[in-house]
Amino acid sequence: MADCRSRPLIVAIDGPAGSGKGTVAVALARCLGFSYIETGSFFRTLAWRALDIRCALQDGLGLAAIVESVWFRQERHKVPIQALREERIGLAASEIGKISEVRAAFTIFQRQEVLQLRVPGVVIEGRDIGTALFPDADCKIFLTASVEARAKRRFLELQTKEREIAYAKVLEDLSQRDQNDKERVLSPLCPDTTYQILDTSKLSIEEATQAAERIVRKCLTDLRGRK
Ligand code: DC
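A brief structural summary. For clarity, every value in this text was computed on a predicted model and none was experimentally measured.

## Some words on the site of the ligand
Around the ligand, the surrounding shell holds 15 residues, and the nearest of these are R44, R127, R177, D181 and R184. Between D128 and the ligand, the recorded distance is 3.1 Å, taken from a side-chain N or O atom to a nitrogen atom. Note that an oxygen atom of the ligand is positioned 2.9 Å from one of the side-chain N or O atoms of R184. Alone, the ligand offers 450 Å² of accessible surface; in the complex the protein occludes 98% of this. Of all elements in the fold, only helix 2 (39-52), helix 6 (87-96) and helix 10 (167-183) reach the threshold of two or more residues within the shell around the ligand. Ranked by the residues each element gives to the shell around the ligand, the list is headed by helix 2, at 4 residues. Each residue belonging to the shell around the ligand can be placed in one class, and the counts come to 2 nonpolar, 5 polar and 8 charged.

Here it is, written out as structure tokens:
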């Protein structure tokens, strides 16, 4: 799949919280032999660090300075995954995702991360990968599901981790995050016509992955046909 371009093939998977995009993106990367990048973890790590060092979540310049810091480049992987998965961190990540300085700093950081990879392809998931980060991505999928289906999945996931949490609270937090992500002025969560939409409300994770794989394989075949 190697070609003369200076970047790997890019598969962009965007969608709201709980749409299954993380699981589907990991499975896709594995079956295609591509690398995987989860951009939500960048926003979550920044939110975690800001709360840890008491940087205000409205302080755009302070937050951008964290993204540009040595800590972010070298130490960020040390934050425990469980801490990043907490819903309060998800909400904080969604808040800072509205800030222009944060999005500008991450755009530079994440593009560099991808462009320096020496791999045939990369599956990147987030909210605005195919609209803002890589509008020229080779394949774009928008994974979605009803808010109730997504809240149910998240609720079951949290329950298996033996955390006490009410379904109503999970639904409320997800709806709040949807509103933040869709209504923000900068790079809102909104697919344009270049995306293929995949509604996973009634699909199992295996079915969703298979459907996504079919879409990507067709995109890559079409791409080869155009060369
Ligand atoms: O994908 P996730 O649920 O882990 O993302 C957490 C939050 O980070 C999400 O609600 C909004 C923000 N985010 C963003 O603004 N842009 C991205 N590309 C990824 C995440």
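Past the structure itself, the notes keep going.
## Some points on the side chain of R44
As for its position among the elements, R44 is in helix 2. One buried charged side chain, R44, makes no salt bridge at all; its nearest oppositely charged neighbour is E87, positioned 5.2 Å away. With sequence-adjacent residues up to four places away left out, R44 is seen in contact with L84, R85, E86, I89, G90, A93 and R177.

## Side note on the side chain of K140
Structurally, K140 can be placed in strand 4 (residues 139-144). It is D192 that comes nearest to the buried, bridge-free K140 among opposite-charge side chains, at 4.8 Å. Among the polar contacts listed, one links the side chain of K140 to the side chain of T194, at a separation of 3.1 Å.

## Remarks on the packing of helix 1 (residues 21-32) against helix 11 (residues 205-226)
Between helix 1 and helix 11, the least distance of the axes is 9 Å, while the angle of their chain directions is 50 degrees. When the axis of helix 1 is compared with that of helix 11, the two are oblique. Crossing geometry of helix 1 relative to helix 11 is assigned as right-handed. Each of T23, V24, A27, L28, C31 and L32 in helix 1 lies in contact with helix 11, whose residues at this interface are I205, A208, T209, A212, E213, V216, R217 and L220. Its residues assigned to classes, the contact of helix 1 with helix 11 shows 10 nonpolar, 2 polar and 2 charged.

## What about the sheet that holds strand 5 (residues 196-199)?
Spatial ordering of the open sheet is given by 2-3-1-4-5, a layout of 5 strands whose pairing is parallel. Single-partner strands in this sheet number two, and they are strand 2 (35-38) and strand 5. Taken over all neighbouring pairs, the strand axes of this sheet differ in orientation by 20 degrees on average, direction set aside. One ladder, built from 4 bridges, connects strand 1 (residues 9-14) with strand 4; its direction is parallel. Counterpart to V11 in the pairing with strand 4 is C139. Where helix 1 meets the sheet, it contacts strand 1, strand 2, strand 3 (121-126) and strand 4, and its direction lies at approximately 180 degrees from that of strand 3. Across the face of the sheet, helix 2 comes into contact with strand 2 and strand 3 while running at roughly 40 degrees to strand 2.

## Overview of the packing of aromatic side chains
Evaluated as defined, the whole model comprises 10 aromatic pairs. Note on F43 and F106: the rings are 4.7 Å apart at their centroids and 55 degrees apart in plane angle, and the pair reads as tilted. Taken together, the residues span a long stretch of sequence, with F43 in helix 2 and F106 in helix 7 (residues 100-115) at a distance of 63 residues. For F43, a relative accessible area of 11% corresponds to the buried category. Taking the relative accessible area as the measure of exposure, F106 reaches 1% and is therefore buried. Residues F155 and Y167 carry aromatic rings whose centres are separated by 5.8 Å and whose planes lie at 85 degrees to one another, so their mutual orientation is edge-to-face. In this pair, F155 sits in helix 9 (residues 147-160) while Y167 sits in helix 10, placing the two residues 12 residues apart along the sequence. Residue classification places F155 among the buried positions, given a relative accessible area of 17%. One aromatic cluster is present, built from ring pairs that chain together F42, F43, W48, W71, F72, F106 and F109.

The rules behind the values
Residues numbered from 1 in each chain as written. Predicted model: local features only at pLDDT ≥ 70, side-chain atom pairs only at ≥ 80, totals over all residues. Heavy atoms only, no water. Near = heavy atom within 4 Å. Polar contact = N/O pair within 3.5 Å; in protein donor to acceptor, adjacent residues only side chain to side chain. Areas by Shrake-Rupley, 256 points an atom, 1.4 Å probe, with all protein chains shown as cover. Helix = DSSP H or I, 4+ residues; strand = E, 2+ residues; numbered from the N terminus. Nonpolar A, V, L, I, M, F, W, Y, C, P; charged D, E, K, R; others polar. Buried < 20%, exposed > 50% of the residue type's maximum accessible area, 1.4 Å probe, protein only. Lys, Arg positive; Asp, Glu negative; His and termini not counted. Salt bridge = Lys/Arg side-chain N within 4 Å of Asp/Glu carboxyl O. Contact = heavy atoms within 4.5 Å. Axes fitted to C-alpha atoms, helices over the stretch in contact; angles between N-to-C directions. Parallel < 35°, antiparallel > 145°, perpendicular 65-115°, else oblique. Left-handed = near helix turned anticlockwise from the far one by under 90°. Pairing = 2+ DSSP bridges. Phe/Tyr/Trp six-rings, centres within 6.5 Å; stacked < 30°, edge-to-face > 60°.

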